[in-house]
Amino acid sequence: MPVSLDRLLVVGISSRALFDLEVEEAIFRTQGLEAYRRHQLDNENEILKLGAGFALVRALLKLNALTPEQRLVEVVIMSRNSTETSMRIFNSIKHYDLDITRAVLSGGASLAPYLQAFNVSLFLSLHEDDVQAAVNSNVAAALLYQKPANALEELDQIRIAFDGDAVIFSDESELIYQTQGIEAFANHERENALKPLPEGPFARLLKALSFIQNSFRNAQGIATPPIRTALVTARSSPAHERVIRTLRAWDVTIDETFFMGGVAKSDVLAAFKPHMFFDDQAGHCDRASPLVQTGRVPLRGEAGNSKSN
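Remember, it's a predicted structure, so these values are computed and weren't measured experimentally.

Peer 1: Lay out the sheet that holds strand β1 (residues 9-13) in plain terms, naming residues and giving numbers.
Peer 2: One open sheet holds the 10 strands; their spatial order is β5-β4-β1-β6-β7-β12-β11-β8-β9-β10, and the pairing between them is mixed. Edge positions in the open sheet fall to β5 (102-105) and β10 (256-259), since each of these has one partner strand only. When strand polarity is set aside, the average angle formed by the axes of neighbouring strands in this sheet is 25 degrees. The sheet contact formed by strand β11 (residues 276-279) and strand β12 (residues 294-296) spans 3 bridges and is parallel. The partner of phenylalanine 277 across the bridge, within β12, is threonine 294. Across the sheet, helix α9 (residues 203-217) lies against β1, β6 (122-125), β8 (158-162) and β9 (227-233), angled at about 145 degrees from β9, the strand it touches most.

Peer 1: Residues and numbers for the side chain of glutamine 40, please.
Peer 2: Tracing the backbone through its elements, the reader meets glutamine 40 in helix α3 (residues 33-42). Polar side-chain contacts of glutamine 40 include one of 3.0 Å to the side chain of arginine 88. With residues up to four places along the chain from it excluded, the contact list for glutamine 40 reads Leu21, Glu24, Thr85 and Arg88.

Peer 1: Quick one: what's the story with the pattern of salt bridges, residue by residue and with numbers?
Peer 2: Here the structure, examined in full by the defined rule, presents 22 salt bridges. The partner of glutamate 34 in a salt bridge is arginine 37, with the nearest N and O atoms 3.0 Å apart. With glutamate 34 and arginine 37 both in helix α3 and 3 residues apart, the pair spans about one turn of that helix. Glutamate 34 sits in the partly exposed class, given a relative accessible area of 42%. In this structure arginine 37 comes out as partly exposed when scored by relative accessible area, which is 27%. It is possible to trace a salt-bridge network through shared partners that takes in Asp165, Glu172, Glu189, Arg235 and Arg242.

Peer 1: Tell me about the nonpolar core, residues and numbers included.
Peer 2: Among soluble globular proteins, nonpolar side chains are generally buried collectively. In terms of nonpolar packing, the biggest core is built from 55 residues, with Leu18, Leu63, Ile100, Leu124, Phe162, Phe202 and Phe278 touching the most fellow members. A total of 7 residues in this core trace back to one element, the largest contributor, which is helix α4 (residues 54-66). If you look at the next biggest cluster of nonpolar residues, it comprises 17 residues, including Leu5, Ala112, Leu115 and Leu143.

Peer 1: Summarise the layout of surface pockets; cite the residues concerned and give the values.
Peer 2: Volume-wise, the largest pocket comes out at about 440 Å³. Lining the largest pocket are 24 residues, with Glu174, Tyr177, Phe185, Ala234 and Arg235 sitting closest to its centre. Classifying every residue of the lining of the largest pocket by side-chain character gives 9 nonpolar, 7 polar and 8 charged.

Peer 1: Could you give me a rundown of the packing of helix α7 (residues 172-180) against helix α8 (residues 182-191), with the residues and numbers involved?
Peer 2: Helix-helix packing is characterised by the crossing angle of the two axes and by the distance between the axes. Where α7 contacts α8, the axes come no closer than 7 Å and their chain directions differ by 150 degrees. It follows from the interaxial angle that α7 and α8 lie roughly antiparallel. Contacts from Glu172, Ser173, Ile176, Tyr177 and Gln180 of α7 reach α8 at Ile182, Ala184, Phe185, His188 and Glu189. Counted by class, the contact of α7 with α8 contains 5 nonpolar, 3 polar and 2 charged residues.

Cut-offs applied
- Residues numbered from 1 in each chain as written.
- Predicted model: local features only at pLDDT ≥ 70, side-chain atom pairs only at ≥ 80, totals over all residues.
- Heavy atoms only, no water.
- Pairing = 2+ DSSP bridges.
- Helix = DSSP H or I, 4+ residues; strand = E, 2+ residues; numbered from the N terminus.
- Axes fitted to C-alpha atoms, helices over the stretch in contact; angles between N-to-C directions.
- Contact = heavy atoms within 4.5 Å.
- Polar contact = N/O pair within 3.5 Å; in protein donor to acceptor, adjacent residues only side chain to side chain.
- Salt bridge = Lys/Arg side-chain N within 4 Å of Asp/Glu carboxyl O.
- Buried < 20%, exposed > 50% of the residue type's maximum accessible area, 1.4 Å probe, protein only.
- Core = buried A, V, L, I, M, F, W, Y, C linked by side-chain atoms within 4.5 Å.
- 1 Å grid on protein atoms, 1.4 Å probe; cavity = no way out; pocket = protein on both sides within 12 Å on 5 of 7 lines; lining within 4 Å.
- Points joined across faces, edges and corners; volume = space filled by probe spheres on them.
- Nonpolar A, V, L, I, M, F, W, Y, C, P; charged D, E, K, R; others polar.
- Parallel < 35°, antiparallel > 145°, perpendicular 65-115°, else oblique.

In short, shape yes, function no, at least from these values alone.
Now the structure itself:
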């Protein structure tokens, strides 16, 4: 029988997000495809340095070692490379002992059509067009910033931090704030405090992580769940109540919650030390990215600037 990925947390990641391919990216941009092809073939036994998404991927794959009887996470390399130029990527995966066996090599074509085929729960890339196409296909996706200096620090837990509106929750309330102001937003949230917020693009991912957390909490012999989550939101009272009630309605527990009320998120994030922080606002991402690994979540239909994979 064919293998099913339906019950797994599937992370799709581009080769440039997993490994540092900035030199190769510059060759592609300045000298063209043939020069890039030659460079990759000539250097296919040279191991690539670690990229922006490497620490999160390595940490997530370690979950499988904790449950040898049941695989929890699958990682799929999703790259615009051709088959011919992909050997360096596979050699680097082997060198770092990453348990990654599946790949999509699209030869320059869009990756979005293959996300559903692999049941991808989260897509990470430095290619803005691919991230936008994934978001438009209702897949949780983030455009990664280059890694900060401490991004590869080893932690005992997988730590993931999320913004609230337009990430975990829909952008419905965010749009009221942007178009009508803070007072209208506060009134709307107060009036709808008992009504759960609609799901945002990362709700499915959060629920999957919560399910894994609960599995470990209920397992004998495991004192501390290997995943810790945080919600870092610009909301404050009275807009806090709807968030709390929504998470209850979803039966989701977030380990740490910070209602920032407009205070910059960067210091809290530096203290929490996430493997990844997801936010939709470029300003929040710009301030956080020098301190913690950051991924920006585009809104559906946003126009983006093209970058190579």
